[in-house]
Structure formats: structure tokens, C-alpha cells
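Coordinates in review
The lines below spell out each chain.
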Amino acid sequence: MNKLVNRLLVSIGLVVLFFACQNQANDDKDFTQFVDPFIGTEGTGHTFPGPCLPFGMVQPGPDNRDQGWDYTSGYQYQDSTIIGFSQTRANGTGISEFGDVLLQPVTDSRIEKFGEGYNKQSERATPGYYSVTLRNQVRVELSASERVAFHQYTYPSNRAKLLVDLQHGLRFLTDSLVLESDVRLSNQNSISGFCHTKNWVDRKYFFFIQFDQPFVINTELVKKPKEKAPRYFLEFELKDKVLKTKVALSTVSVEGAITNLKAEIPEWDFDGTVAQAKRKWNEYLSRIEIEADQKQKEIFYSCMYRLFIQPSNIADVDGKYRGADDVVRQAENNEYYSTLSLWDTYRAAHPLYTLIAPEKVNGFVQSMIAHSKAAGFLPIWTAWGQDNYCMIGNHSIPVMADAYKKGFTGFDANAALSEMVKTTSEKHINSNWPLLNKYGYYPFDSLDNEAVSRTLEHGVDDYFVATMAEQLGKRDIATQYFKRASFYKNLYDSTTRQMRGKNSLAKWRTPFNPLMATSPMNNPGDYTEANAWQYFWTPAQYDAEGLMRLLGGKRNFTAQLDSFFTIRALNPNKHLGQEAMIGQYAHGNEPSHHIAYLYAYSEKPQRGRELITQICNQFYNNTPTGMIGNDDCGQMSAWYIFSTLGFYPVNPGNGTFVFGVPQAKKIVVKLAKSKELIISLTSNKQNVSVFEVQLNGKEILDHSVAYSTLITGGKLEFVSENR
């Protein structure tokens, strides 16, 4: 018990210290003015414009459609119809989930097809607020706390109607969605219940809907075949044309949802809720301040905004949550995080949290350990506490190892290592360890899909199991896992200079086209949403020097990079991860994200800096089409933020950052314990790529800097050598 109390006090202390140093200085600055939630809502960014709070459970917003790859967040900017406003969604993912409890204000008596056109010019969105005027002249306004959505509808008259659709959801390859439900209209001011759904994950959500005025008529609509949840058509006699509605959610129970509502939005003060959301967002957005023009600020702070949307704390205000095994438990410090898009976010988003949201890191790791104890292995890709097993690898491992390497101690490190070893040694849905151990790679004739990518990504995880074990003095474990982390070398084909599929007889895959991208759902093969060129660089995340030796030295390493960024892509397909291309570099998908920074290890470091600037300018914009490729729960945004700062975690778990070049003249990063890191770029030329890096006036001779050095604060200067 004393240990738990001490952890709690440490965590509380971190939060107090972190915020105390920021809020006083930034009370008069509104960083939300630079956020445009519509960035990335058109095309493949798959972002959404609705309100939410940082790391919150609910994300109310407009749904244009309930299925289709373009509508994984429910919304596309160019769509002209809104079918209603649901309460949950993921930010920028490639598969649909959530879309719970759809509400749609209407003015006529129809009982089918509730979609409404809307006035595009009326649509507004800022952090914590969204509004639109529908074709039926109802003005819809939305806001939220962490666990409660707040709707305000202004009707053209006092006669108001509202659809409550509990069958709705953002669906993926399913036409049934709801397996069971239990819904009650206990009075004329509320609806409560739960739904058990099966889509990307199998999950339960509990809800409490409250109206500020009673409905006078309720009609349950006839269910369609396979439907298990009700739809209600409610009618109201309003006093002043305004209807206010709160929707509270819980993973645990209706009582939990009610408690969340009473704790977070006890009154009917919509404007107060919007103001509180704005204050909360400014707390987070103010953690980095940049000097830049309006356009760049809008891109940068919109990236900051998306970074903090998820993971989501799905614990109730009292700390209770429903775990992966459907058992209700008590979360440490009332935090249990889900919507963990780990194949994406281990690369940059989680390392960025350690720098600018350190008070969240222990909770992330504690959640991963708790999930593993309930599910039997560490989370792969979770939503609402359940794993969808999407993507490959076990990339909670580098997140946990990185946290421990950087000095975070608010979790049991030995328990973390134990779950890492269990996850990478006991068979589960995402692995076949006996096969990997037998051959030293996954043979493509024994594992018929993603054999090369799976081998390489397990190497990433194995390396971080080894480093974690090494830090804890478990040398036998470290030796075993360092050996397995080198298995990538078994797939290197020196004739093609690629990581190439090999069968159980040690024969290379033939024919072999290193430019052909493969993906499990669209074009099955040896790679995951990428081709051989793009996956070649995966081991460089943790063993750039080893990869360089395979190629025959720095000169060949440089030549391989040059070829990678110049060989033309043939018929790039966004569904195969071929998007936002520079040669074979595909910024629209995560396997490429660290590669421009590998020039720091080469004979031409300046080329990497030129490419980083090009990527920032070419693939990010302050328009609805301003993100090319899924944001993937903040990973695309994290890349831009790090690149603006001038460094990036090529190795996402060893506590270092590789230098690029800052994208602004001056940047101030607010750190814990009242410290600041002031980053500046001193040059008389634009797009400078040759410079020296100085920390507090002393030159850094290496191409990287340690996290432990940065968090002490000071002045990090990129000084042009051609001044």
C-alpha cells in the first residue's frame, strides 16, 4: 500500500510541477486560435472536426456516413449530408470503429432516412467546440468534457423532434454491429442502457442520455433484420427553441456513466463547458511556442491538437474500467488508456509524450501492463480496452522500454519486463515464436503473409526487450534477445541489397520485385503496406551501424539512401501505403518516417535536412487536404512537431534524438520543473542545411542528443556555418 501511495504522490507532484510553470505565463495567450480541426478531413487524413478534450473518452461530431474507408472517422469535408452526430471516434485511423449513440435533430415527421444537407459556410470548429446549421434550419452546437458529450440544438420553432439511434456505429465489414442491448426510458428526461457491439473489436459501452426538457412523445422505430438495438423518435415542446442534451459514457455501467456526468458537467451551462474545454486545450497547446507565420502556426498547433486527442483514458472518474477480459477493475491513479495505435505511435508520438506530456507516460505503461495481465500478452492495437490485433509486432515494448530508459519510475519495471518476455515467447495471435526461433526468420512458405515485415518488426521489439533486461541486470535475457534482434541479417540478400523473402529451404522468393508493395487485405505478400525498399530500413531504428556494415560501409549506405529517395514509384496505391512519395519514400505510411533522418549517419547529412524541409513543406498544409495519409492517432502529427523542433527519435527507445533542422527561427519548449528548452536557427539563408549545433554555447559534435540532456533545459542553437 505504501508503494502505491508513493507512486500516486509522485505522479501528482509531476502534474503540479508541470502545469504550475506554464499556466501563469500563458494565461493571456490563446493557442487554440491557431488550431484548425478541419485540417486532414478531406482525403486520406481521416481526421474529424468535432470537439473533444485531451486524452478524453468521448469525441462527439458529425457523421456523413457510417461505413467506407474514406469515412473511418465518420466524416469527409466535401460530403454534403450529415446523418447525425455520434459521440465517439478515432483520430485518423485506417479502419472504422466507435460512432456510439447517434443523435439527429429533425423538424418533420419522417421515420426513415434522417440524413440532412447542411450549410457548409455555417460549419465552425475550434478545440472544444463545433457548430453547423442543417438544411432544416436547426443549429447544432457540440462541446465535451472528458467523458460527457454536450449538445445544444436551436430549432426554428418550439416544436422539436430528435432521433436517438442506438443501432448506429462506424462499421467495418459488418452489417449487424450490435450483438445485444438493454435500453430503458426510465422517465421523460433520460434514456440509459448498454450496447454490446462487434466490429473492429468486441466491446460493451454503457450510456446515460439526459435532456434539459422532457419529451412529450416517444416512438420506437421498427427494427430492421439483424438489428438488436432500438431507435427512438422523440418529440419535445420547447420553451425557447433550444434543446440541450448530455450523453455520458462508461465502459463499466450505467451508474458509472451517471457518475461521470454529475462529476464533469453537473449544470446545463453549455458556454461554460466550451470555455472549460478551451482552457484545457490551451494548457496542452502552450507547451511549445513557436515564432512563425500564420500558416505555419496553423499547421503546427493543429498537429499539437491531434497529438493529444488519443490515447483515450477510458476509466470512469472513480477509476473503474472494464478490462480486456471483461472484468471490471480499479485503475491506478484513475487512468486506463486505450485507442493505442502502437504500430504507428511507438515511432514518434510516444517519445514526444515523454518530452511534452510526461505526466501521462506512467499511466500509459501501467495500462499496457494491466492489459497484458488480463489478455495474456501486451496490447497490439486497442480500442475501448479491447485488442483488434491490427498490424504486426508488439510495439508496446519499445514504448515501455523508452519510458524506463528515460527515468520514468511510476510503474513496476520488473513486471514490465516480465510481460515483455511473456509476450515475445508465448504464442499468441500475432506471433509464431517456435517458427521464428527455428529458422531465424519467418519462411514465406510457412507464414503466407507479411513474412519479411514480421521478422523485421519482431527484431525491433526484441532489441528493446534486451535493453530493458540489460538495465535490470538480467544479462541472460538480454543476450538471448540481442541475438534474436539480429535475425534481420538472415533476410538480407546481397545481390539485390534488399530484405527479401526466404522459404523454409533457405531459397529466396522468385520472382522478386522490390518496388511492388503488398498488404494483407489488398495485395498479400511479404511486406506490410509497403515494399522491399521501404522495409529495408526497419532495422536502422535500432541498428543503423549494423545495417551499414551489411551494405559494406558508409559510402554504400549513403548510395542506398540516395537510390531510395530517387527511384521512381510505379503506380503508387494509397491502399498499399504508397502515398506522399519522394522516390520510394512514402511519408503517408509509418515505415518510412525515420528514413530521412538516417542521412545523419551517412556521408551527406545535409541531404537529410533538405529532405526533412521538403517533407514538411510538401505534405503538410493548413487546408482540409493538408494531411496526406492517415494521421494514425497522432503519429503523422508527431513527425511534423519533432521535425519543426529540429530532431527526431530514429531509435524510439534508447532516449536519444537525431538532429535534423528546425523549421522555425525560434521555438520554446516548456519542460517539467519550470524548465525551458529554447531552440533557435541562426542563418542568413533560407533552407539552410549546413550548420553546427550548440547547447548552451558548447558545440555538440555527435549527430544526436540525449533526452536526459534536453530535459535540463537551456539553449539549443543551430548555427549556420555560412553566416
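In this report, the structure presented in the accompanying data block is examined.

What counts and what doesn't
Residues numbered from 1 in each chain as written. Predicted model: local features only at pLDDT ≥ 70, side-chain atom pairs only at ≥ 80, totals over all residues. Heavy atoms only, no water. Helix = DSSP H or I, 4+ residues; strand = E, 2+ residues; numbered from the N terminus. Rg over C-alpha atoms; globule rule 2.2 N^0.38 Å. Areas by Shrake-Rupley, 256 points an atom, 1.4 Å probe, with all protein chains shown as cover. Axes fitted to C-alpha atoms, helices over the stretch in contact; angles between N-to-C directions. Parallel < 35°, antiparallel > 145°, perpendicular 65-115°, else oblique. Left-handed = near helix turned anticlockwise from the far one by under 90°. Contact = heavy atoms within 4.5 Å. Nonpolar A, V, L, I, M, F, W, Y, C, P; charged D, E, K, R; others polar. 1 Å grid on protein atoms, 1.4 Å probe; cavity = no way out; pocket = protein on both sides within 12 Å on 5 of 7 lines; lining within 4 Å. Points joined across faces, edges and corners; volume = space filled by probe spheres on them. Salt bridge = Lys/Arg side-chain N within 4 Å of Asp/Glu carboxyl O. Buried < 20%, exposed > 50% of the residue type's maximum accessible area, 1.4 Å probe, protein only. Pairing = 2+ DSSP bridges. Disulfide = S-S within 2.5 Å. Core = buried A, V, L, I, M, F, W, Y, C linked by side-chain atoms within 4.5 Å.

Here we look at the overall build of the protein chain
Helix and strand content of the protein chain: 18 helices and 36 strands. In terms of overall size, the protein chain behaves like a compact globule, its C-alpha atoms giving a radius of gyration of 25 Å where 723 residues would be expected to give roughly 27 Å. Seen through its C-alpha atoms, the protein chain measures out along the principal axes to roughly 80 × 60 × 60 Å. For the protein chain, the computed accessible surface area is about 25,600 Å², with 47% contributed by carbon and sulfur atoms.

Points about the packing of helix H6 (residues 349-356) against helix H17 (residues 635-645)
Look at H6 against H17: their axes get within 9 Å of each other, and the N-to-C directions meet at 55 degrees. Classified by the angle their axes make, H6 and H17 are oblique. When you trace H6 past H17, the crossing you get is left-handed. Side by side, H6 and H17 meet where Ala349, Pro351, Leu352 and Leu355 of the first sit next to Gln635, Ala638, Ile641, Phe642 and Leu645 of the second. Of the residues in the contact of H6 with H17, the class split is 8 nonpolar, 1 polar and no charged.

Side note on empty space enclosed by the protein
The gaps of empty space that remain are located by a probe, the size of a water molecule, rolled over the atoms. All told, the structure shown has 4 cavities of 30 Å³ or more when counted by the stated rule. In this structure, the largest cavity encloses a volume near 50 Å³. Contributing to the lining of the largest cavity are Met57, Gln59, Thr88, Arg89, Phe98, Gln310, Ser312, Ile314, Thr339 and Trp384. For the lining of the largest cavity, the per-class residue count stands at 4 nonpolar, 5 polar and 1 charged.

Things to note about the pattern of salt bridges
For the structure on display, the rule yields 34 salt bridges. Glu227 serves as the salt-bridge partner of Arg231, at 2.7 Å between the closest nitrogen and oxygen. Here Arg231 matches Glu227 in class, with each residue buried. Notably, a salt bridge pairs Lys604 with Asp562, separated by 2.7 Å at the nearest N-O pair.

Quick look at the sheet that holds strand E23 (residues 381-383)
By definition, the strands of a sheet pair up through backbone hydrogen bonds, in either a parallel or an antiparallel sense. Taken together, 3 strands build an open sheet; the order of strands is E22-E23-E24 and the sheet is antiparallel. Taken across any chain shown, the strands that pair with only one partner, and hence form the sheet edges, are strand E22 (340-341) and strand E24 (386-387). Bridge count between E22 and E23: 2 bridges; the pairing is antiparallel. By the bridge assignment, Ser341 is partnered in E23 with Trp381.

Remarks on the layout of surface pockets
Computed from the structure, the largest pocket encloses a volume of approximately 900 Å³. Along the wall of the largest pocket there are 41 residues; nearest its centre are Trp69, Gly94, Ile95, Met521 and Glu529.

Here's the deal with the packing of helix H7 (residues 358-375) against helix H9 (residues 413-423)
Viewed as axis vectors pointing N to C, H7 and H9 meet at an angle of 50 degrees, and their least axial separation amounts to 10 Å. In terms of orientation, H7 lies oblique with respect to H9. Crossing of H7 against H9: the hand is left-handed. Every residue of H9 that contacts H7 at Ile369, Ser372 and Lys373 is listed here: Ala416, Glu419, Lys422 and Thr423. When its residues are assigned to classes, the contact of H7 with H9 shows 2 nonpolar, 2 polar and 3 charged.

Structural notes on the state of the cysteines
Summed over the entire model, instances satisfying the criterion amount to 0 disulfides. No disulfide involves Cys390; its nearest neighbouring cysteine sulfur is the one of Cys633, lying 11 Å away. Looking at the unpaired Cys616, the closest cysteine sulfur is the one in Cys303, lying at 9.0 Å. Residue class for Cys616 comes out buried when judged on its relative accessible area of 3%.

Some words on the pairing of strand E30 (residues 656-659)
With 2 bridges joining them, strand E29 (residues 647-648) and E30 adopt antiparallel strand pairing. When the sheet's bridge partners are listed, Phe647 is paired in E30 with Phe659.

Remarks on the sheet that holds E29
Judged by pairing direction, the sheet is antiparallel, and its 3 strands sit side by side in the order E29-E30-E35 without closing on themselves. At either end of the open sheet lies a strand with only one pairing partner, and these are E29 and strand E35 (704-706).

Details of the side chain of Thr174
Summarising the element assignment, Thr174 is placed in the loop between strand E10 (159-165) and strand E11 (178-187). In this structure, Thr174 is in contact with Lys198 and Asn199, ignoring residues within four places of it in sequence.

Overview of the nonpolar core
Generally speaking, soluble globular proteins have nonpolar side chains that are buried together. Phe647 and Leu716 are the most contacted members of the largest nonpolar core, which totals 192 residues. If one sorts the elements of this core by residue count, helix H11 (residues 451-471) sits on top with 9 residues. Among residues more than four places away in sequence, those in contact with Phe647 are Leu355, Tyr597, Phe642, Phe657, Val658, Phe659, Gly660, Leu677, Ile679, Leu710 and Leu716. In this structure, Phe150, Phe208, Ile265 and Phe270 belong to the second largest nonpolar core, which totals 10 residues.

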